[in-house]
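# Structural overview
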Amino acid sequence: MMDLKEERQPLLKRPWVWIAAATTVVTVVILTLAFIPNDDAGDRPASSTPSEAERLPLPSESSQSESGDVDDLGRPVVVPAERRGVALPQSEQPSSTSDSNPLARPKGLEWQRVYGSPAPFSRSDGPAAISADGVPRGMSRTPQGATIAALQIVSRIRFGTKADRYAVIDQRLEGATESDKQALRRDGDILSITVDDPEIGDIAANRALVPAAFRIRAGNWTNDAATIDIAYGPHEQVNPDDESDVQSVYYWQSLSTVWVDGEWHLKYKPSLLTRDEKEGSMGSLDGGEWATWVR
């Protein structure tokens, strides 16, 4: 089989390329003398307090988008009025609990730029609300709800402002020790490409792509846990021995969720902020397993 080693793709089209992006942003910060604040600062969770519930904004009738946008591959993305994203009214019935593939698209699905990076919102499977500290809530107990939750959580951990990232790490990670969380906060601070400044942070986050497709393989779904495969691409890959030989390749990686106290939580793994994590590749999405959630 031909060894294809060189890829032609913009920075951060692969979801794990952080170090180069962080370096670019730090350079921009220095050149612009930007000020970076240091603010360290379906059931419902039984531990929720009234004050926490009172902070939840009511879902709007629409995403209150200021404008439409597209990612680098032309996939539609909504630019919401709030950088944390705007929850949509849950006006549709939740999706089926069946894990049959291809995984049906949630009803009323749209991709919003959350801190600049695309994240999914639907009218059937959540999120039903975004708390004042940027934590998504109210995803349905379905494969679609688990998929939305995984993408919402990981996007906020990677691209959110410091305070919001810390809140999501503390409230939506399962299986992480306090030491793990401290390491994730520290590494996120070092590699942060959001740096609490919309104009600077979004330079990098805006290069993230809407995922190309999803699947949940047989045995990877129960009412209490789900592992979702997420495909990104296509990326151009060039044969180093023949530059005229260019192929389109999709890369995929997995995220796992668990149902805890009425909400989906992302299962912790040390590689959440690593530079790259490709678990597989393929030349196309054909075959019937992969579901496309873009219009």
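Residues numbered from 1 in each chain as written. Predicted model: local features only at pLDDT ≥ 70, side-chain atom pairs only at ≥ 80, totals over all residues. Heavy atoms only, no water.

## Brief notes about the overall build of the protein chain
Keep this limit in mind: In DSSP terms, a helix is any run of H or I states spanning at least four residues, a strand is any run of E spanning at least two, and both are numbered starting from the N terminus. Summary of the burial criterion: residues with accessible area below 20% of their type's maximum are buried, those above 50% are exposed, and those between are partly exposed, where the area comes from a 1.4 Å probe applied to protein chains only. Surface accessibility follows the Shrake-Rupley procedure with a 1.4 Å probe radius. Residue values consider only the protein chains on display as shielding.
Helix and strand counts for the protein chain come out as 6 helices and 14 strands. Burial analysis of the protein chain (295 residues in total) assigns 53% to the buried set. Counting every atom, the protein chain has about 13,200 Å² of accessible surface; 51% of that belongs to carbon and sulfur.

## Topic: the pattern of salt bridges
Here is the rule we go by: The salt bridge definition used is simple: a Lys or Arg side-chain nitrogen within 4 Å of an Asp or Glu carboxyl oxygen.
Enumeration according to the criterion identifies 12 salt bridges in this entry. For Asp170, the salt bridge goes to Arg185, with nearest N and O atoms at 2.4 Å. Note that Asp170 is positioned in helix α4 (residues 162-172) and Arg185 in helix α5 (residues 178-191), a separation of 15 residues in sequence. Classification of Asp170 as partly exposed rests on a relative accessible area of 39%. The class of Arg185 is buried, set by a relative accessible area of 13%. Counted as one network, the salt bridges with shared partners bring together Arg215, Arg217, Asp229 and Glu289.

## Section: the side chain of Asp125
Selection criterion: Note on charges: Lys and Arg go in the positive column, Asp and Glu in the negative column, and His and the chain ends are not counted at all. Polar contact criterion, stated in full: a pair of N or O atoms within 3.5 Å, where within protein one must be able to donate a hydrogen and the other to accept it, and residues adjacent in sequence count only if both atoms are side-chain atoms. Only heavy atoms matter for contacts: two residues are in contact if any of them lie within 4.5 Å across the pair.
As for its position among the elements, Asp125 is in the loop between β5 (117-121) and β6 (129-130). Buried Asp125, no salt bridge; nearest opposite-charge side chain is Lys107, N-O distance 6.0 Å. There is a polar contact of 2.5 Å between the side chain of Asp125 and the side chain of Ser140. Here the side chain of Asp125 touches Thr142 through a polar contact of 3.3 Å, side chain to side chain. The residues contacting Asp125, other than those within four sequence positions of it, are Gln90, Pro94, Ser95, Pro106, Gly138, Met139, Ser140, Thr142, Gln144, Gly145 and Ile148.

## A closer look at the side chain of Ser95
Within the secondary structure, Ser95 sits in the loop between β3 (76-79) and β4 (110-114). A polar atom in the side chain of Ser95 sits 2.7 Å from the side chain of Asp125.

## Section: unusual backbone geometry
Omega for the bond connecting Gly126 with Pro127 falls within 30 degrees of zero, at 0°, which places this linkage in the cis form. For Pro127, the location among the structural elements is in the loop between β5 and β6. Cis geometry is adopted by the peptide bond preceding Pro234, which originates at Gly233 and carries an omega value of 5°. Relative to the helices and strands, Pro234 is located in strand β11 (residues 225-239). Despite not being glycine, Tyr115 shows a phi value in the positive range, around 55°. Tracing the backbone through its elements, the reader meets Tyr115 in the loop between β4 and β5. Look at Asp261: it is not a glycine, yet its phi comes out positive at around 50°. Along the chain, the position of Asp261 falls in the loop between β12 (242-260) and β13 (263-267). Take Asp261: its relative accessible area is 47%, and that puts it in the partly exposed class.

## Considering the confidence of the model for the protein chain
Quick note on the threshold: Scored between 0 and 100, pLDDT is the confidence that the predictor attaches to each residue.
Looking at the protein chain as a whole, its pLDDT mean stands at 79, while 74% of the residues score no less than 70. Within the model, pLDDT remains below 50 along residues 1-66, and this stretch shows 141 contacts once partners closer than five positions in the same chain are excluded.

## Describing the packing of helix α3 (residues 143-159) against α4
Note the threshold: Note on method: axes are straight lines fitted to C-alpha atoms, helices fitted across the in-contact stretch only, with angles between N-to-C directions ranging 0 to 180 degrees. Working definition: roughly parallel below 35 degrees, roughly antiparallel above 145 degrees, roughly perpendicular at 65 to 115 degrees, and oblique for all remaining angles. Helix crossings are classified by the rotation of the near helix relative to the far one: an anticlockwise turn of less than a right angle makes the crossing left-handed, while a clockwise turn makes it right-handed. Charged residues are taken to be Asp, Glu, Lys and Arg, nonpolar residues to be Ala, Val, Leu, Ile, Met, Phe, Trp, Tyr, Cys and Pro, and polar residues to be all remaining types, Gly included.
With their axes 8 Å apart at the nearest point, α3 and α4 run at an angle of 140° to one another. Taken together, the axes of α3 and α4 are oblique relative to one another. Considering only the axes of α3 and α4, their crossing is left-handed. From α3, Ile153, Arg156, Ile157 and Arg158 reach across to α4, where they touch Arg165, Val168, Ile169 and Arg172. Along the lines of polarity and charge, the residues of the contact of α3 with α4 split into 4 nonpolar, no polar and 4 charged.

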